[in-house]
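The residues making up each chain are set out below.
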Amino acid sequence: MNLSGLAKWHQPLISDNSYDGKYFKIVYGKSDEAIRFDASKEIQLKAATTYYHLNIARQFFTDVIKSDYVKDLPPLIIRLDLINVFNEVGHFANDRLSPQFNNALSIPAGAGYPPKNIHPWGNEIWFRPSKEIQLPPDIAGIVKNGFSTFRNQTHMMNLDQFISILLQGKLPGNSIRLAGTSLLTELIYQSSGMAAEFFSRKIYRLDSALVPEIIYHEFSHIALSDHLELSHSTSVNEGLADYFAGKIANSKKLATKIKNYNLFNGKEVRKNQDYRLAFEKGEYANSDFVFGLLWNIGSLVGGANESSFVYDMSTKINTNDNIRDGLIDASLDTCKDLCKDSFNDRLKLYKLYNSRRI
């Protein structure tokens, strides 16, 4: 497989020896240099995969959504196998501070800090390296008992970090979005059978740079960042990114078939899931409720271009809006403006929300 050829096929590169493209520059870790075509096969596979799928995601927002914001975005830096925690002032936290694995993150631009020679940076996407985590039996029992707590933490949180914190008798915070995608825990938690399988396996890993829907999800955060801040993880924000990831992938299921790179269960549209007040909490950003709700809103009243309808909805949503107020109000306002039969279509939405007990 010619990985450089795969990258060149989709969108032009501005380099003949590295993954430095018109819209995306793929770098390794904290480097500012594009990954070269003579890098290891493992790194080239990640570079080519992210480059290819990021261009697909960008084309969706420019050609289907007609987003001028995305069209005018400067080239994005995409960092592979970066283990550092994001620092709002320093860009990268110290290498020894809580190294991150098995997740992905979209970060906001920063002004840098000239006294420490930290230069300004633009919006970026970080893909963490995969790390297999195998738990001994005694630790597995502790994690199983505490799984409901884990479920409520930042999505895709590094499991070994969670275990370390849990064994110290502490609960991890949720002040910064540790991962930009929500693919794991809700489906496991909902089914005791799945939970049993999850804990009997005792091996966990996720290579986020090789899962297309994660790549789409992260770029969707960037595409919506003109009106939804990247540093805020809410059920609505994550659900919107999940929705567009599903539309780009043309699938109601996210990451359910990528078993070589994802040892977790994926996400899918769940038409019969009822609303719960707990979904409004930031800890529940990894619930797939909003993903399914948006999918049904689009198919119910979105017309010929469901994705554009949901995108217009998103522009009426503020970063900290919740489901019951912000999202619902945005859908009704958007339908009032765009639905061909505004009155009857809004009645359909009211019936949908009533059926979900919102």
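Because the structure is a prediction, the values reported are computed rather than measured. (Residues numbered from 1 in each chain as written. Predicted model: local features only at pLDDT ≥ 70, side-chain atom pairs only at ≥ 80, totals over all residues. Heavy atoms only, no water.)

S.K.: I'm lost on the pairing of strand S6 (residues 124-127) in this one. Help?
M.R.: In regular strands, side chains alternate between the two faces of the sheet. Across the two faces of S6 the burial is the same, with Glu124 and Trp126 and Ile125 and Phe127 all buried. Taken together, the four bridges between strand S2 (residues 76-80) and S6 define a ladder with parallel strand orientation. In the strand pairing of S6, Arg79 is matched with Trp126. Taken together, the four bridges between strand S5 (residues 104-107) and S6 define a ladder with antiparallel strand orientation. (Buried < 20%, exposed > 50% of the residue type's maximum accessible area, 1.4 Å probe, protein only. Helix = DSSP H or I, 4+ residues; strand = E, 2+ residues; numbered from the N terminus. Pairing = 2+ DSSP bridges.)

S.K.: Where do I start with helix H12 (residues 306-314) in this structure?
M.R.: Since the α-helix turns once every 3.6 residues, residues separated by three or four places project in the same direction. Burial within H12 is extensive, with seven of its nine residues counted as buried. By the burial criterion, the buried members of H12 are Ser307, Ser308, Phe309, Val310, Tyr311, Met313 and Ser314. Summarising the contacts, the buried residues of H12 are in contact with helix H2 (41-64), helix H10 (235-249), helix H11 (289-301) and helix H13 (323-338). (Contact = heavy atoms within 4.5 Å.)

S.K.: Can you help me understand unusual backbone geometry in this one?
M.R.: Comment: phi is negative for the bulk of residues other than glycine, and the bulk of peptide bonds are trans. Non-glycine residue His91 carries a positive phi angle of around 75°. Mapped onto the secondary structure, His91 falls in strand S4 (residues 91-92). Phi angles above zero are rare outside glycine, and Asn102 is one such case at about 60°.

S.K.: Sorry, what's going on with the sheet that holds strand S1 (residues 24-28) here?
M.R.: Whether parallel or antiparallel, the strands of a sheet pair through hydrogen bonds between backbone atoms. In spatial order, the strands read S1-S2-S6-S5; together these four strands make up an open sheet with mixed pairing. Looking along the sheet, the strands with just one partner apiece sit at the ends: S1 and S5. Between one strand and the next, the sheet's axes are offset by a mean angle of 20°, whatever the strand orientation. Contacting S1, S2 and S6, H2 crosses the sheet at an angle of about 155° to S1. Running at roughly 155° to S6, helix H9 (residues 212-223) makes contact with S1, S2, S5 and S6 of the sheet. (Axes fitted to C-alpha atoms, helices over the stretch in contact; angles between N-to-C directions.)

S.K.: Can you walk me through the confidence of the model for the chain in this structure?
M.R.: Regions with low pLDDT should not have their predicted coordinates read in detail. Looking at the chain as a whole, the pLDDT averages 82, with 74% of positions reaching at least 70. Note that residues 147-167 has pLDDT below 50 and, in this model, 74 contacts with residues that lie over four places away or in other chains. (pLDDT = per-residue confidence, 0-100.)

S.K.: Help me understand the state of the cysteines, please; the structure alone is not making it clear to me.
M.R.: What makes a disulfide is a covalent bond joining the sulfur atoms belonging to two cysteines. Within the structure shown, the criterion is met by one disulfide. Between Cys335 and Cys339 runs a disulfide, and the two sulfur atoms are separated by 2.2 Å. Where Cys335 bonds to Cys339 through sulfur, the torsion about that S-S bond is close to -120°, and the disulfide is left-handed. (Disulfide = S-S within 2.5 Å.)

S.K.: What exactly am I supposed to notice about helix H14 (residues 342-355) here?
M.R.: In a regular helix each residue adds 1.5 Å, so 14 residues correspond to 20 Å; H14 covers 20 Å between its end C-alpha atoms and thus fits that length. Looking at the buried positions of H14, the neighbouring elements they touch are H11 and H13. Among the residues trailing H14, Arg357 stands out with phi positive, at a value near 60°. (Expected span 1.5 Å × (residues − 1).)

S.K.: For this particular structure, what's the right way to read the packing of H10 against H12?
M.R.: Packed helices, taken two at a time, are described by the angle between their axes plus the distance between the axes. Direction vectors running N to C along H10 and H12 enclose 160°, while the axes themselves pass 11 Å from each other. Between H10 and H12, the angle is such that the two are roughly antiparallel. The two elements H10 and H12 cross, and the hand of that crossing is left-handed. For the pair formed by H10 and H12, the contact residues are Leu240, Tyr243, Phe244 and Lys247 on the first element and Glu306, Ser307, Val310, Tyr311 and Ser314 on the second. The residue inventory of the contact of H10 with H12, partitioned by class, reads five nonpolar, two polar and two charged. (Parallel < 35°, antiparallel > 145°, perpendicular 65-115°, else oblique. Left-handed = near helix turned anticlockwise from the far one by under 90°. Nonpolar A, V, L, I, M, F, W, Y, C, P; charged D, E, K, R; others polar.)

S.K.: Explain the side chain of Asp81 to me, please; I cannot follow it from the model alone.
M.R.: Of note, Asp81 is situated in the loop between S2 and strand S3 (86-87). A polar side-chain atom of Asp81 sits 2.7 Å from a polar atom in the side chain of Lys46. Ignoring sequence-local partners within four residues, the contact set of Asp81 consists of Tyr28, Ile43, Lys46, Phe127, Arg128 and Pro129. (Polar contact = N/O pair within 3.5 Å; in protein donor to acceptor, adjacent residues only side chain to side chain.)

S.K.: Which parts of the structure should I look at to understand the pattern of salt bridges?
M.R.: Note that side chains of opposite charge can pair when their charged atoms are close. Taken as a whole, this structure holds eleven salt bridges when the rule is applied. A salt bridge links Asp32 to Arg79, with the nearest nitrogen and oxygen atoms 3.5 Å apart. With Asp32 in the loop between S1 and H2 and Arg79 in strand S2, this pair connects stretches of sequence that are 47 residues apart. On the accessibility criterion, Arg79 (2% relative accessible area) is buried. For Lys348, the salt bridge is made with Asp345, and the minimal N-O distance between the two is 3.5 Å. Residue Lys348 and its partner Asp345 are both found in helix H14; the two are separated by three residues, about one turn of the helix. Several salt bridges converge on common partners, so that one network encompasses Asp32, Arg79 and Glu124. (Salt bridge = Lys/Arg side-chain N within 4 Å of Asp/Glu carboxyl O.)

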